[in-house]
Amino acid sequence: AGLDIYGVAVSPDGNLLATGRQDGAVTVWNIVSGQKMLILVGHASLVARVAFSRDGSRLASAGFDNLARVWDVKTGQELATLYGNSRRVFGVSFSPDGANLATAGADGSVRTFILQLDNLMKLARARLTRGLTLLECRKYLHLEACP
C-alpha cells in the first residue's frame, strides 16, 4: 500500500525530487536513476510542502505538527526545527540568499526565521542592551555555551 504524497519540489539543478508524505516523512529521490536517496524522519504528521534552497544544499519541510524543519540534502541531517507556528504549517520558502525561511501557517500568519547564527546574534545584540545569559543561549540559540 502506498502513502499519500502532498508536497513535491525539484532541486535547482534538476537532479533531485523531494516529496512530503502523509506519514510525516520526506523522501528525496534521484530523478535520473529513480533511486531513493534519503528518507528524512522528524515530523509527527503530514508534510504539506517541501522547498529546496537556491543552491540546492538544504531542504525545508512544512508539517501539520506545527513545525518547519530544515535538512542537509547531502547527509540527511536535520539542521533546524522551527517553532512558533500556533497551527499547521502549509508552506515554506527560502529567501534568495538562503539566510531566512518563511512559513505560511494555518492561523493566517507568515513568519520569517533567521537561519544563520551570525545574523541572529547581530539582531539580538542590536536589540539587547546586555549580553545573553547562559539560560537564554540554551533556550533561544540551542547552544550549551554563549558565543
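Going by the structure above, here's the rest.
Residues numbered from 1 in each chain as written. Predicted model: local features only at pLDDT ≥ 70, side-chain atom pairs only at ≥ 80, totals over all residues. Heavy atoms only, no water.

Looking now at the state of the cysteines. In the structure shown here, the tally under the stated rule is one disulfide. There is a disulfide in this structure between Cys137 and Cys146, and the S-S distance comes to 2.0 Å. Disulfide Cys137-Cys146: the torsion about the S-S bond is 115 degrees, which places it as right-handed. Residue Cys137 is classed as buried on the basis of its relative accessible area of 0%. Judged by relative accessible area, Cys146 falls into the partly exposed class, the value being 32%. (Disulfide = S-S within 2.5 Å. Buried < 20%, exposed > 50% of the residue type's maximum accessible area, 1.4 Å probe, protein only.)

Moving on: the environment of Asp107. Relative to the elements of secondary structure, Asp107 occurs in the loop between β10 (100-105) and β11 (110-114). Linking Asp107 and Ser86, residues 21 residues apart in sequence, is a C-alpha distance of 6.9 Å. Excluding residues that lie within four positions of it along the chain, Asp107 makes contacts with Ser86 and Arg87. Side-chain polar atoms of Asp107 contact the side chain of Ser109, separated by 2.6 Å. (Helix = DSSP H or I, 4+ residues; strand = E, 2+ residues; numbered from the N terminus. Contact = heavy atoms within 4.5 Å. Polar contact = N/O pair within 3.5 Å; in protein donor to acceptor, adjacent residues only side chain to side chain.)

Another aspect to go through is the sheet that holds β10. Pairing is antiparallel across the open sheet formed by three strands, whose spatial order is β9-β10-β11. Bordering the open sheet on either side are β9 (89-94) and β11, each of which pairs with just one other strand. Here the average twist between neighbouring strands, direction ignored, is 25 degrees. Looking at chain direction, β10 and β11 are connected through five bridges and run antiparallel. Note that in β11 the partner of Ala104 across the bridge is Val110. (Pairing = 2+ DSSP bridges. Axes fitted to C-alpha atoms, helices over the stretch in contact; angles between N-to-C directions.)

Attention now moves to the packing of aromatic side chains. Any aromatic ring pair is given by two values, namely how distant the centres are and how the planes are angled relative to each other. Taken as a whole and assessed by the stated rule, the structure comprises one aromatic pair. Relative to Phe90, the ring of Phe64 lies with its centre 5.3 Å away and its plane at 90 degrees, an arrangement referred to as edge-to-face. Taken as a pair, Phe64 in the loop between β6 (58-63) and β7 (68-72) and Phe90 in strand β9 lie far apart in primary sequence, 26 residues in all. (Phe/Tyr/Trp six-rings, centres within 6.5 Å; stacked < 30°, edge-to-face > 60°.)

This part covers the environment of Leu82. You can see Leu82 is positioned in strand β8 (residues 78-82). With a relative accessible area of 8%, Leu82 lands in the buried category. Not counting the four nearest positions on each side in its chain, Leu82 is found in contact with Asn66, Leu67, Ala68, Val70, Leu101, Phe113 and Leu115.

Any functional reading would require information beyond the geometric quantities listed.
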